[in-house]
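Okay, here's what each chain looks like letter by letter:
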Amino acid sequence: MSFEVLTSVSKAAYSKVNWHIMASAYEQATFMLDASDGQPQNTGRLAREVMRLFNNGKRDVSLIASLAADRERTMGFSAEMQQQTSRTRSGVRE
């Protein structure tokens with residue numbers, strides 16, 4: 001799925017060069033996540049994080065990718081911990 005489709009933002013909102021920077025960073029972050037932990041990432045959340053970093057002034061593809069991948073790992077870990085906590089509270093044990 002294309003980065004632009006995941007973001008739900010009009011193509012006219014950014015130049016072609018800016019879309020290319022964000023799409024490249026997204027692809028690199030996806031690769032980093034697949035290679036490091038094998039966990040399925042939330043593609044929409046990752047795309048929004050890439051865009052947020054870009055909107056905050058980051059322009060280096062590798063930096064954006066690394067920061068976005070780190071954030072996704074953190075968010076995925078937090079979601080997993082919340083699921084385990086709610087299962088424990090409901091009496092479900094693994």
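The residue numbers shown here count from 1 along each chain, following its written sequence. With the structure being a predicted model, the display of local features is reserved for residues of pLDDT at least 70 and the display and counting of side-chain atom pairs for 80 or more, all residues being used for whole-chain, interface and lining totals. With hydrogens and water excluded, all non-hydrogen atoms of the structure serve as input to the side-chain values.

Some details on the confidence of the model for the chain
Segments scoring low in pLDDT should not have their predicted coordinates read at a detailed level.
Stage number 1. On average, residues of the chain score 82 in pLDDT, and 72% of them are at 70 or above.
Stage number 2. When the elements of the chain are averaged for pLDDT, helix H1 (residues 3-7) gives the smallest value, 77, and helix H3 (residues 43-55) the largest, 93. pLDDT is defined as a per-residue confidence score from the predictor, taking values between 0 and 100. In DSSP terms, a helix is any run of H or I states spanning at least four residues, a strand is any run of E spanning at least two, and both are numbered starting from the N terminus.

Looking at the pattern of salt bridges
Stage number 1. By convention in these notes, a salt bridge is any Lys or Arg side-chain nitrogen within 4 Å of a carboxyl oxygen on Asp or Glu. For the coordinates displayed, the defined rule picks out three salt bridges.
Stage number 2. With a closest N to O distance of 2.6 Å, Glu72 and Arg45 form a salt bridge. Pair noted here: Glu72 is in helix H4 (residues 61-89) and Arg45 is in helix H3, with a separation of 27 residues, a long-range link.
Stage number 3. Classification of residues uses two cut-offs on accessible area relative to the type maximum, computed with a 1.4 Å probe and protein chains only: under 20% is buried, over 50% is exposed, and between them is partly exposed. For Glu72, a relative accessible area of 6% puts it in the buried group.
Stage number 4. Its salt-bridge partner being Glu49, residue Arg52 comes within 2.7 Å of it at the nearest N-O pair. On the criterion of helical spacing, the pair formed by Arg52 and Glu49 is a turn pair, its members being three residues apart in helix H3.
Stage number 5. Judged by its relative accessible area of 40%, Arg52 is partly exposed.
Stage number 6. With relative accessibility at 11%, the residue Glu49 sits in the buried group.

Here's the deal with the packing of aromatic side chains
The way to describe two aromatic rings as a pair is by their centre distance and the angle between their planes.
Stage number 1. Aromatic rings from Phe, Tyr and Trp, taking only the six-membered ring of Trp, are treated as a pair when their centres fall within 6.5 Å; an angle between ring planes under 30 degrees marks them as stacked, one over 60 as edge-to-face, and anything in between as tilted. Here the structure, examined in full by the defined rule, presents four aromatic pairs.
Stage number 2. Centroid distance Tyr14 to Trp19: 5.3 Å. Interplanar angle 80°. Geometry classified as edge-to-face.
Stage number 3. Among the residues examined, Trp19 registers a relative accessible area of 5% and is labelled buried.
Stage number 4. Centroid distance Tyr14 to Phe54: 5.9 Å. Interplanar angle 80°. Geometry classified as edge-to-face.

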